[in-house]
Amino acid sequence: MPFSTPSTAERQRMLDACFLGPYGENDGLLEKLVVEFLRDHVYWRRNFHPEDPPAISTAAAMHPDYQAFEARMRRELHQLSAALKKSVPFHSPRYIGHMASDLLLPGLAAQILTLPYNPNNVTEDAAPVTVELEVKVGLQLARMLGYVDDPSREDCAFGHLTSGGTVANYQALRLALALKAFPVALRAAGVPDIALPEDDWAAFNLHPRRSTQLVAQWQDWLAAATPADRKHWQAKVQAERIEQRGLLDFFARHPALKIPKVLVPITAHYSWSKGCKLLGLGRDQLELLPERGMRIDAEALTRTLERCQRDQQPVLLAVAVMGTTEYGTIDPIDAVVAARETASTHGLGFSVHVDAAWGGYLATLFRNGDGSLRSREEVAAGFRSFPSAEVHAAIAALGETDSVTVDPHKLGYLPYGAGAFICRDHRAVALLSEEADYVFHGSAKQDYMSRYRGLGQYVPEGSKSGAAVAGVYVTHKVLPLDHAHFGLLPAQTIRAAEAFHARALRFAEEMAGVVRAVVPFAPDSNLVCFALNPCGNRRVADANAFVRRVHDELRSDPSRPLQDKQFFGSATSLRPEVLGEAETHRILEALDLDPSTLGQDGGDKLMILRHTLMNPYLIDTENGISYIDLYFEHLASRMRGLLAG
Ligand SMILES: *Cc1c(COP(=O)(O)O)cnc(C)c1O
């Protein structure tokens, strides 16, 4: 069947009702929804016990105290509303700075609708509806990633929401540590009837699939045991677990083991450093993997693993990033998985986690409605060069990883407070439970849904917003996570990034003789960086000073009226220790900068502009306006101005 690609204008029509819009075009729709469901909520209150009369007098509003309160409330709300006018205009196609844009209407409306019910997703007692929705969101995301999403299967995935990607990454560390240390505890407790590894080293370095199987076997064994045996052995194993003993005591008891390392690419988000501190592993356990072109260098990873093996240094987790925060690059997830498989056949098993806080929803482009993977050719229809073979292979390998972080509040276009953690096989999650009797309520094994209704058992947080969950769930129902639905949004941003990239190259030609402009790496996704140097300058520090001045005009400045700003962009830096010598020289040369000036005052790294192209209206087909063109015209005139002034 030939694959027909809808035109840009057709695609934009499909998205017309998705957002409030840059101009607030869909104000009527949102207002209708908010009023409709607010009324609906009020009827629900009244219908609980219609015989209960109003407790607030119908004459209350006439009382001076009431009126004074209302007046104070209004005054404060007006002040807040006025102050918020200094907010960053994320909704505007003139905003191409950080990872924020307009909000999806289904999510916004569902969240507003749910707020007055105030469900608390810590437990189903406080959230009989939204806890179940949260578990379903986990399954929706699992399907997008290529994990098993059928709860009747024993190896079904499990996911939950968090306040953001940072906390989801903590959860990845916590789960990986629990899985790694559990087989050691089984051995130490002397559990009968289950075949266990021969020594502590082997037990601590199992492939996570094998550790997960052990958790399942252990649960089955408990289920078959007498109540007295069950109690006895449960207590014995619990006493040996790392979560019970603490790191110090656990490692003292197992002298053949060292505190494991966390391998993250050098471009990784600082949540990994925070996580190592929080878990008490210490920052020293965070090992930064070198990169090539801002992607993990697979050969260097292999060398690192070989060294770990030689030094008997266990590895907790290897992290691949799908969409780096600074450059949007995608690590070779397939190569990281392959390196893990090889290492674990040599007795060095560890978990593989993908930090897809930014890029997770790009996976929708790679999925059909039935959850199957699309070929690279199918995905590529309608793009200039996306996806590269490397990107396709990386995303195709997601299903082989152990866990993933995805942020609905980034490329999911949803309000803040929505990150997600998804793990490949839900049986591992039993290890996170706060209650020792995680398997049983009574003696019957619980089905998937009823087990996870006690969500608070497993998640890092306590009380949490059911309204945020409702927003994510409804969005995924209105826009299923496949290429024909939700995928329209990332497709739009990739096209915008490709157009931006092409325009940036043209800009570089147009500005010849004025500034040198270079796109330091071809973008993997929808972030495009731009390096600049005024012609004639050879010093890195002076190039940085120039980029800083350009960026100062592109950043939010609450002391000046918002309307003074033509565009918003962001900046980042390229550090030689991250880039490596060859890449650093390549980029400096392209900019006509003298590498020997690197490291001089103010020039220890190269400042560059960074653009996040997630606004769906960067190319406005309705009015035939390209905000990308306008941006580059603005940049050209500002740069000429700065250099003349
Ligand atoms: C944004 C981001 C995080 C942190 O997520 P928060 O939602 O800000 O806590 C972690 N990793 C990557 C790659 C990110 O882009």
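Residues numbered from 1 in each chain as written. Predicted model: local features only at pLDDT ≥ 70, side-chain atom pairs only at ≥ 80, totals over all residues. Heavy atoms only, no water.

Caption draft 1: Quick peek at the sheet that holds strand 10 (residues 515-518). Spatially, four strands are ordered 10-11-13-12 in an open sheet, and the strand pairing comes out antiparallel. Two strands close off the open sheet at either side, each with one partner strand: strand 10 and strand 12 (570-574). If you compare each strand with its neighbour and ignore which way they point, the axes differ by 35° on average. By the bridge criterion, five bridges tie strand 12 to strand 13 (residues 606-612) in an arrangement that is antiparallel. (Pairing = 2+ DSSP bridges. Helix = DSSP H or I, 4+ residues; strand = E, 2+ residues; numbered from the N terminus. Axes fitted to C-alpha atoms, helices over the stretch in contact; angles between N-to-C directions.)

Caption draft 2: The arrangement of the domain arrangement of the chain in detail. According to the domain assignment, the chain consists of domain 1 (132-478) and domain 2 (488-644). Between domain 1 and domain 2, the residue contacts involve 26 residues of the former and 27 residues of the latter. Summed over both partners, the interface of domain 1 with domain 2 comes to about 2,300 Å²; 60% of that surface belongs to carbon and sulfur atoms. The interface formed by domain 1 and domain 2 contains two salt bridges. Across the pair Arg610 and Glu326 runs a salt bridge, and its minimum N-O distance is 3.9 Å. (Domains from an automatic or database assignment. Contact = heavy atoms within 4.5 Å. Buried area = accessible area lost by both parts, 1.4 Å probe. Salt bridge = Lys/Arg side-chain N within 4 Å of Asp/Glu carboxyl O.)

Caption draft 3: How the structure looks around the sheet that holds strand 8 (residues 403-406). Read from one edge to the other, the open sheet built from seven strands follows the order 1-9-8-7-6-2-3, with strand pairing classed as mixed. Each having just a single partner strand, strand 1 (158-162) and strand 3 (286-289) make up the two edges of the open sheet. Going from strand to strand, the sheet's axes swing by 20° on average, the running direction of each strand aside. Relative to strand 7 (residues 351-356), strand 6 (residues 315-321) runs parallel, the two being bridged by five bridges.

Caption draft 4: Spatial organisation of the site of the ligand. The ligand sits among 15 residues. The nearest are Thr166, Asp355, Asp407, His409 and Lys410. Taking Asp355, its side chain carries an N or O atom lying 2.7 Å from a nitrogen atom of the ligand. Contact distances for the ligand include 2.6 Å between an oxygen atom and a side-chain N or O atom of Asp407. Notes on the ligand: free accessible area 380 Å², of which the protein chains cover 87%. (Near = heavy atom within 4 Å. Polar contact = N/O pair within 3.5 Å; in protein donor to acceptor, adjacent residues only side chain to side chain. Areas by Shrake-Rupley, 256 points an atom, 1.4 Å probe, with all protein chains shown as cover.)

Caption draft 5: View of the packing of aromatic side chains. As enumerated under the stated definition, the model contains 24 aromatic pairs in all. On the basis of an interplanar angle of 20° and a centroid distance of 4.0 Å, the ring pair of Phe158 and Tyr452 is categorised as stacked. Residue Phe158 is located in strand 1, and its partner Tyr452 is located in helix 16 (residues 448-452); the two are separated by 294 residues in the primary sequence. Accessibility assignment for this pair places Phe158 and Tyr452 in one class, buried. Ring geometry for Tyr631 against Phe632: centres 5.4 Å apart, planes inclined by 75°, an arrangement best described as edge-to-face. According to the relative accessible area criterion, Tyr631 is buried, its value standing at 0%. Taking the relative accessible area as the measure of exposure, Phe632 reaches 0% and is therefore buried. Here the aromatic cluster, defined as three or more aromatic residues joined through ring pairs, consists of Phe500, Phe507, Phe530, Phe567, Tyr631 and Phe632. Over the face of the ring belonging to Phe204 we find Lys180, whose NZ or CZ atom lies 4.9 Å from the ring centre. (Phe/Tyr/Trp six-rings, centres within 6.5 Å; stacked < 30°, edge-to-face > 60°. Buried < 20%, exposed > 50% of the residue type's maximum accessible area, 1.4 Å probe, protein only. Lys NZ or Arg CZ within 6 Å of the ring centre and 35° of its normal.)

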